[in-house]
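Listed below are the residues making up each chain.
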Amino acid sequence: MSATHLEPAQLAVATTRDLVFNSFRRWGYLQAQLDPLGHELAALPLPEDLPAGAREEDIAAARKVYCGTIGAEFMHIASRERREWIIEKLEQTPRKLAAAEQRHVLSQLIRADLFEQVIQSRYLGTKRFSLEGVTALIPLLDETFQRAADLGACTVVIGMSHRGRLSVMVNTFRKAAADIFSKFEDVNPRSFLGGGDVKYHVGATGKYQTRTGKELSLHLVSNPSHLEAVDPVAMGRARAKQTRAGGVEGSAAGMRQVLPIVIHGDAAFAGQGITAEVLNLSGIPGYSVGGTVHVLVNNLIGFTAETAEATSSRFASDAAKRLPVPVFHVNAEDPDAVLRVAALALEYRYTFQSDVVIDLIGYRRHGHSEVDDPTITQPIRYARIKNHPPLSELYAKRLGVDTAEEHHAVQQEFIEAQRSATEIQQTAVLATLPDYWSPYRGGLYKPEYERETGLTRDEVTRLGHRLGEFPAEFHIHAKLRKLLEQRMEMADGHRPFDYGMAEAVALASLLENGTPVRLSGQDSERGTFNQRHSVLIDTETEKHWIPLEHVSQGQARFEVYNSALSEAGVLGFEYGYSRDYPETLVLWEAQFGDFANGAQIIIDQFISSGEDKWGLLAHVVLLLPHGYEGQGPEHSSARVERYLQLAAHHNMQVCQPSTAAQYFHLLRRQMLRPWRKPLVVFTPKSMLRHPDAISPIEDFSRPCFLNVLPDTTAENANRLLLCTGKIGHDLRVEREKRGITNVAIVFVEQLYPWPEEELIAAIDAHPDAHEVIWVQEEPENMGAISFVMPRLRRLIRDGRQVLSIKRSAAASPATGSAKAHELEQRTLIDLALSKGIDHKAH
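Scoring rules and cut-offs
Residues numbered from 1 in each chain as written. Predicted model: local features only at pLDDT ≥ 70, side-chain atom pairs only at ≥ 80, totals over all residues. Heavy atoms only, no water. Phe/Tyr/Trp six-rings, centres within 6.5 Å; stacked < 30°, edge-to-face > 60°. Helix = DSSP H or I, 4+ residues; strand = E, 2+ residues; numbered from the N terminus. Buried < 20%, exposed > 50% of the residue type's maximum accessible area, 1.4 Å probe, protein only. Pairing = 2+ DSSP bridges. Axes fitted to C-alpha atoms, helices over the stretch in contact; angles between N-to-C directions. Core = buried A, V, L, I, M, F, W, Y, C linked by side-chain atoms within 4.5 Å. Contact = heavy atoms within 4.5 Å. 1 Å grid on protein atoms, 1.4 Å probe; cavity = no way out; pocket = protein on both sides within 12 Å on 5 of 7 lines; lining within 4 Å. Points joined across faces, edges and corners; volume = space filled by probe spheres on them. Nonpolar A, V, L, I, M, F, W, Y, C, P; charged D, E, K, R; others polar. Salt bridge = Lys/Arg side-chain N within 4 Å of Asp/Glu carboxyl O.

As for the packing of aromatic side chains
Thinking step 1. Tallied over the entire structure, the rule returns 27 aromatic pairs.
Thinking step 2. Between the aromatic rings of Phe 664 and Phe 700, the centroid separation amounts to 4.8 Å while the plane-to-plane angle is 70°, which identifies the pairing as edge-to-face. With Phe 664 in helix α24 (residues 660-672) and Phe 700 in the loop between β18 (679-683) and β19 (708-709), this residue pair connects regions lying 36 residues apart in the sequence. Judged on exposure class, the residue Phe 664 and its partner Phe 700 are both buried.
Thinking step 3. For the pair Tyr 752 and Phe 787, a centre-to-centre distance of 6.1 Å together with 75° between the ring planes defines the contact as edge-to-face. Placement of Tyr 752 in strand β22 (residues 750-752) and of Phe 787 in helix α27 (residues 785-795) is noted, with a sequence separation of 35 residues between them.

Re the sheet that holds strand β6 (residues 293-298)
Thinking step 1. Spatially, β1-β9-β10-β6-β5-β2-β4-β3 is the arrangement adopted by the 8 strands of the open sheet, whose pairing is mixed. Strands at the two margins of the open sheet, each flanked by one partner only, are β1 (70-73) and β3 (204-209). Pairwise comparison of adjacent strand axes, ignoring direction, gives a mean angle of 20° for this sheet.
Thinking step 2. Strand direction decides the pairing type here: strand β9 (residues 327-331) and strand β10 (residues 356-361), joined by 5 bridges, are parallel. In the sheet register, Val 330 faces β10, and the bridge partner there is Leu 360.

Here we look at the pairing of β1
Thinking step 1. In β1, alternate side chains face the same way, and those of Ile 70 and Ala 72 on one face and Gly 71 and Glu 73 on the other are all buried.
Thinking step 2. Taken together, the 4 bridges between β1 and β9 define a ladder with antiparallel strand orientation. Pairing of Ala 72 across the sheet is with Phe 328, part of β9.

Some remarks on the nonpolar core
Thinking step 1. Counting residues in hydrophobic clusters, the biggest one holds 165 residues, and the most contacted among them are Leu 137, Phe 181, Leu 624, Tyr 643 and Trp 774.
Thinking step 2. Tallying contributions element by element places helix α13 (residues 335-352) first for this core, with 11 residues.
Thinking step 3. When neighbours within four sequence positions are excluded, Tyr 643 is seen to be in contact with Ala 596, Ile 603, Leu 622, Leu 624, Ala 638, Met 652, Val 654, Val 680 and Phe 682.
Thinking step 4. If you look at the next biggest cluster of nonpolar residues, it comprises 48 residues, including Leu 455, Val 460, Leu 467 and Phe 497.

Quick look at the layout of surface pockets
Thinking step 1. Computed from the structure, the largest pocket encloses a volume of approximately 820 Å³.
Thinking step 2. As for the largest pocket, its lining consists of 25 residues, of which Ile 70, Thr 93, Pro 94, Arg 95 and Arg 340 are closest to the centre.
Thinking step 3. Elements with a minimum of two residues in the lining of the largest pocket: α2 (56-66), α3 (80-91), α5 (137-150) and α13.
Thinking step 4. Among the elements that take part in the lining of the largest pocket, α13 stands out by supplying 7 residues, more than any other.
Thinking step 5. Of the residues belonging to the lining of the largest pocket, the class tally is 9 nonpolar, 5 polar and 11 charged.
Thinking step 6. Here the second largest pocket is characterised by a volume of approximately 620 Å³.
Thinking step 7. Surrounding the second largest pocket, 34 residues form its lining, Thr 205, His 219, Arg 237, Thr 432 and Pro 434 being those nearest its centre.

Structural notes on the pattern of salt bridges
Thinking step 1. Inspection of the entire model under this criterion finds 47 salt bridges.
Thinking step 2. Ionic pairing is found between Glu 559 and Arg 518, a salt bridge with its closest N-O pair at 3.5 Å. Highlighted residues: Glu 559 in strand β14 (residues 558-562) and Arg 518 in strand β11 (residues 517-521), separated in sequence by 41 residues.
Thinking step 3. Here Glu 559 falls in the buried class, since its relative accessible area comes to 7%.
Thinking step 4. When its relative accessible area of 0% is taken as the criterion, Arg 518 is described as buried.
Thinking step 5. Ionic pairing is found between Asp 730 and Lys 726, a salt bridge with its closest N-O pair at 2.7 Å. Pair noted here: Asp 730 and Lys 726 are both in helix α25 (residues 726-738), with a separation of 4 residues, about one helical turn.

Right under this line is the structure:
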C-alpha cells in the first residue's frame, strides 16, 4: 500500500519511520561498531534529530542497518539518485555468504596471517611493514577483483604504500614466497651496487584468475617511502591504459576495462596534501579515470602518533568528504562485512564512474616497522593487542571450522619457501616492461639512437598554414586573428619563427607522423606568457577550435588541458601516463619554473630515479620557464642546480634551447629517437619573441638539435664565454652594441648528458682564446656552475684559464627590486665583456 492510500494514523507512523531512518542514514555511522578491539572508538549518543515519538522498533531496525560493523557516510552527496542507490543497497537484507565462500575467505586469512608469522619468526626485527591486524585486506581485494571482472575489468592498477605490500604480492599477485624471502636473505648484494630498492617499494605484475574463470592483469606500482606520492602515478598509469583501451576522453570502454585502486595508510591519507590534490583530479576532464577505489588500511595509529594527533576530525577518511563520494567504514575483524563493502563500493564505482572510499579499520600488531617497540608509546593498547587472536583464528571459531590441518600445511609451505630462499639469485631490477616498450631503450646514450629532426621548407610551410586556419563561421578574437596572420607569414618565410609557432609546428609534425601529444599545466592552453594559444575560443559562442586537432586526416590524438592548481598531483599523473604510453609525447608545463618545487618528491623519487631503482622507463617532458628578468625571487629561477644534482648514469636530459628552432628540434628529437628518458627543458619567458631568439624558416631544415651552439661570427677571439639561455642573448646584443669582435659566445644547449665532444669542438674553434669563462645569471651557489666548472677544468688542460662570472652567493635566487636586478645584470655583462676580470668574479 502506497503512502497516499494510508490512513492518517498509518501515514504518521510511516512518516515517523522514514524520519528515524533518515536520521540514522545521516548520523548512524557515528554509532557503528568499528573498533576492531572493542575499546577505543566510543559510540556517540543517539542522533539529536530523531523525531518525537520515534518507536523503539524503528530505531532498532535503523540501528541494525547503519550502526553495525559497517558505517556509511553518503548523505553529503548532492545527487539524490546516488543517495537513494546507496540507501537501497544498505537497507536490503544482506546476502549471506555461502559456506564455500566463507571457507575461501578463511583460507585467505590463514595464508595472510601465516606469511607474516613466518617472517616474524625467521627475520625478527627486520622491517617488513606487516599486514597483521588488517589481513582482511586480502579477501577485500579478492572480492573486488571478482566483482570487477564480472563488470568488465581486464586490468587493475594498484598504488599502495608499504604496509602489507609484501603480503599482497604473495597472496594477491601470487608472487612466489621464496622470492620475497630471498630479499630478506640479501643473497646477492653485488647486483644492487649503485641501484635497486628495498623489497617493500618495488612493484609487481601478476595474473589473477577469478572463481568464474576470468583473468585480470594486475599492476602494483613501484613507490617510494614518501607516503601518498604514488597516488597520482597510479592514476596516470590507469588513464594511459584506459586510453589504449578506449582511445578517447572519457571512454566508457576504457574506464570499464581498467580499474584503479589506491591503498592508503590512515595517517598519510589525513595528513598528506597530495591526497587532496589527487581526489580533486577525479572529476576533472583530462584526469578522470572513471572512479578510483580508495582503501584506507586503517591501523588507528601513525608510527607512534595517536589518531587525535593525526587528524582534526573523527575519521582519517574525512579528507575525502570535500567531494561528493561515499565513504564506507568497516570493521576489519568482520570479514563478511568487509566483502559486502567491497562489492558495494565496486558496484558504485561502475554505476556512477565515481571515486569511492573504503575505510578498513583494524589495528597494527607490531611496531611501525617491526623494529619499534610500541609498548613504550601505547602500552595499554598493545597489552590488548598481545592477547587478541589473529583474525584467521577468530573467523574459524565463528564458522566452527577446525583449521589445524590447513594451518600446518600452509605454515610448512612458507617455511620451506624460506629455506629455499638462500638459493635464489637476486637481481636489482625486477620490472618487466610491457610489449609496447619493446621499440624503446633506456640505459646509457648511444650515438646510434640519433635521428634527423629537420623538415623541408615545404613541409614547414604546409603545416604552418594548417595551424593558421579556422572555420569561416568561427568568430575569432581580433588579437588572435592578428597572431594567426603573423604565423602565416612565418610559415611563408616572411617573418622569423617565435617559440610559440616553433612549438606548434613541432607538435603538428609529430601528430601527422602518428605520435600522440598530451600537454597539461596551469594555463597551458593559452600559455602563461600568452605564447601558445593552442585553443581558440569563439567570441560569441565560446566554442573551441583546436588547430592541432585538424592537422591532417588520420593524425594522432592531441590533448591539451588547463590543469588544476596542483604541481605534485598533476606531474605525478603525467609521469604515470608516460610510463604506460611511450609512443605519446607527454609534457607538463609549470606556470613558472620554480613552481616545480611543489612536485619535488615526484621529481626526486620517480622521474630522476625510477629507472635506477626499479628499471622503469619514462619520458615525461618538464617545461620550466626560467630567466632573470627582475620579477623577484619566485619568478626567476627554475632551480637548474637541482636537476643537475640529480643527473647521473644518463638518467634524464637537461636542456635549455636558446632559439625557437632549437626548441622545435628538441621536441621532435624526444620522440623520433628510441631513447626514452625524462626531459627537463628550461624554457624562455621574455625571450619567447625576442629578435635574438627567433629563427628563420631555414633553421627548421637543419638535421638535428645542436647540443652546443658554436659562435661562427667572432674571429680571432681571445676570450670565450660559455652560457645558457637568456644571459647569452643579453651578451650577444650588448657585444654588437659595443662593437666587440674579440669575444666569442657559445651556448651550451644540453647540460646533461654533458656534450663533451661538441664542447671541445666549439672551444678548439677559438685557439687564441686564453680565457674560457662560464657566465650565468644565477648566484654562485645556484645555477649550473657547480656542475659545469669541474667538467670544464677536466676538459681544458692546455694552460688556458677557466673562470666564471655569476652573482654572489645568496639565500634567495633573485632580488625583489627591478632596479637592483638591472644593476646586477649590467655588472654581469660588463664583467663578461670587459678586457680584464676582477678576481671577485672568478
